Amino acid sequence: MMSKLAEIEAANQPNILEMIVYKPFQNGDMLVENVPHTLPNDEEAKPYLSHKVLLQLSYMFRYMEKHRIKRLSYHQFEKAVIKIDQPKRTKKELIDYVLDEWIRPYQLVKMKARIDQFKNPMDEESRKAQEWLNLFHKTLEALPELHRDIIKKKYLEVKSDGKYSMDVLVYDQLHITKYVYYKQKAEALYRMGLVLSKYKACYE
């Protein structure tokens, strides 16, 4: 299996052996068909969504929500060349958005979902909390493996005192350099922001 650093270096170079598989992608009750997933050369790795595809999906789901469309083909949307009037956020704004509106509330929403499941799993608040978590994890799992590992180890696997792991511990565990770690952490948060920015983030 390739090292994490080798994966990053390989990702930055053209790869004629890279393959695409077409699979549906669903968010809530909206479904996009024939979404191109990149198939890594590593047979153990899962297919993932490229930066370009994630950006396109964010446009599609905004369009579908606005026009109350439940099902749409990825390629049909590309051909339509639909433009959505919405201010474009910078990379830093999207990263800050994900940290403030999704990462920081994560543990509280997770705890609430568990408590509500025992009390009344059919309750509206319980359902909303679980949908929030499902959307978060679906977006996370669509990222490349290294991005998923960084987000999970840094932000989701909190210590007993509720604090996040130190960055140096995370990149040591992943056997990558400090430079690669910070670059890929920012990219992971940015990719999540592209998808999650269209939703009402903070669970109330």
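Structure shown above.
Since this is a predicted model, take the numbers as computed values, not measurements.

J.: So what's going on with the environment of Val35? Which residues, and what values?
T.: With respect to the secondary-structure elements, Val35 resides in strand β2 (residues 30–39). Sequence-wise, Val35 and Val21 are 14 residues apart; in three dimensions their C-alpha atoms are separated by 8.1 Å. If sequence neighbours within four positions are ignored, Val35 has contacts with Val21, Tyr22, Lys23, Phe25, Leu49, Val53, Leu57 and Tyr74.

J.: Now, about the side chain of Thr139: what can you tell me, with residues and values included?
T.: Along the chain, Thr139 turns up in helix α6 (residues 124–141). With a relative accessible area of 2%, Thr139 lands in the buried category. Among the polar contacts made by the side chain of Thr139, one reaches the main-chain carbonyl oxygen of Leu135 at a distance of 2.9 Å. Not counting residues up to four positions away in its chain, the partners in contact with Thr139 are Met192, Val195 and Leu196.

J.: Which residues make up the pairing of strand β1 (residues 19–27), and what values do they have?
T.: Examined bridge by bridge, β1 and β2 share eight bridges and lie antiparallel to one another. The residue of β2 that forms the bridge with Gln26 is Leu31. Between β1 and β2, which pair antiparallel in sequence order, lie two residues; one of them, Gly28, sits at a positive phi of approximately 65°.

J.: If you had to explain α6 to someone new, which residues and values would you point to?
T.: In this model α6 runs 26 Å from its N-terminal to its C-terminal C-alpha over 18 residues, within 8% of the 26 Å that 1.5 Å per residue would give. Considered for burial, the residues of α6 that qualify are Ser126, Ala129, Trp132, Leu133, Leu135, Phe136, Thr139 and Leu140.

J.: Got a sec to walk through the sheet that holds β1? Specific residues and values, please.
T.: Sheet strands associate in pairs through backbone hydrogen bonding, adopting either a parallel or an antiparallel arrangement. If you trace the three strands from one edge of the open sheet to the other, you get β1-β2-β3, paired in mixed fashion. Unpaired on one side and paired on the other, β1 and β3 (71–73) mark the two borders of the sheet. For this sheet the average axis-to-axis angle between neighbouring strands, irrespective of direction, equals 35°.

J.: If you had to explain a nonpolar patch on the surface to someone new, which residues and values would you point to?
T.: Taken together, the side chains of Met166, Val168 and Leu169 present a nonpolar region at the surface, about 260 Å² in accessible area. One can find Leu169 in helix α8 (residues 167–173).

Basis of the calculations
Residues numbered from 1 in each chain as written. Predicted model: local features only at pLDDT ≥ 70, side-chain atom pairs only at ≥ 80, totals over all residues. Heavy atoms only, no water. Helix = DSSP H or I, 4+ residues; strand = E, 2+ residues; numbered from the N terminus. Contact = heavy atoms within 4.5 Å. Buried < 20%, exposed > 50% of the residue type's maximum accessible area, 1.4 Å probe, protein only. Polar contact = N/O pair within 3.5 Å; in protein donor to acceptor, adjacent residues only side chain to side chain. Pairing = 2+ DSSP bridges. Expected span 1.5 Å × (residues − 1). Axes fitted to C-alpha atoms, helices over the stretch in contact; angles between N-to-C directions. Patch = residues over 30% accessible without salt bridge, like charges linked within 9 Å, V, L, I, M, F, W, Y side chains within 5 Å. Areas by Shrake-Rupley, 256 points an atom, 1.4 Å probe, with all protein chains shown as cover. Salt bridge = Lys/Arg side-chain N within 4 Å of Asp/Glu carboxyl O.

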